[in-house]
Amino acid sequence: MSTPDRVIEKVKLLHKIDRQRAELAGGRLEWLEATAKVDRGWVKFIDLRKYLVLGSSVLAIYGIRHPSSVVRWSRRALGIWGTAQLFRRNFMKP
């Protein structure tokens, strides 16, 4: 390859890189919009982390003293949560 050919090839590659960077910059906003719901949920989870740790500790101590009661209430909670999810999926369609 001669020197002028290398210069032409280099310019072509630089233009290709510029186009790719522009496409990535445009896709960045779409990506942020698509993941915004997940990001908000993650932030809420992190904010609630100290309360979840405290609640699980209290539940563990209570569970040691009253294991059957904890099992019974956890089954009820899971049943209510499952019913709520069923209703959300079937009746709250967008």
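Residues numbered from 1 in each chain as written. Predicted model: local features only at pLDDT ≥ 70, side-chain atom pairs only at ≥ 80, totals over all residues. Heavy atoms only, no water.

In the nomenclature of an unreviewed UniProt entry, the protein chain is known as Cell division protein FtsH of Ewingella americana.

This paragraph deals with the packing of helix H2 (residues 36–65) against helix H3 (residues 67–91). At a minimum axis distance of 5 Å, the contact between H2 and H3 shows a crossing angle of 125°. As far as their axial angle goes, H3 and H2 are oblique. Across the interface between the two elements, Leu59, Tyr62, Gly63, Ile64 and Arg65 of H2 pack against Pro67, Ser69 and Val70 of H3. In terms of residue class, the contact of H2 with H3 is built from five nonpolar, two polar and one charged. (Axes fitted to C-alpha atoms, helices over the stretch in contact; angles between N-to-C directions. Helix = DSSP H or I, 4+ residues; strand = E, 2+ residues; numbered from the N terminus. Parallel < 35°, antiparallel > 145°, perpendicular 65-115°, else oblique. Contact = heavy atoms within 4.5 Å. Nonpolar A, V, L, I, M, F, W, Y, C, P; charged D, E, K, R; others polar.)

On the surface, a cluster of positive charge is made up of Lys37, Arg40, Lys44 and Arg88. Considering each element in turn, the positive patch owes the most residues, three residues, to H2. Checked against the element boundaries, arginine 88 lands in helix H3. Residue class for arginine 88 comes out exposed when judged on its relative accessible area of 53%. (Patch = residues over 30% accessible without salt bridge, like charges linked within 9 Å, V, L, I, M, F, W, Y side chains within 5 Å. Areas by Shrake-Rupley, 256 points an atom, 1.4 Å probe, with all protein chains shown as cover. Salt bridge = Lys/Arg side-chain N within 4 Å of Asp/Glu carboxyl O. Lys, Arg positive; Asp, Glu negative; His and termini not counted. Charge placed at Lys NZ, Arg CZ, Asp CG, Glu CD. Buried < 20%, exposed > 50% of the residue type's maximum accessible area, 1.4 Å probe, protein only.)

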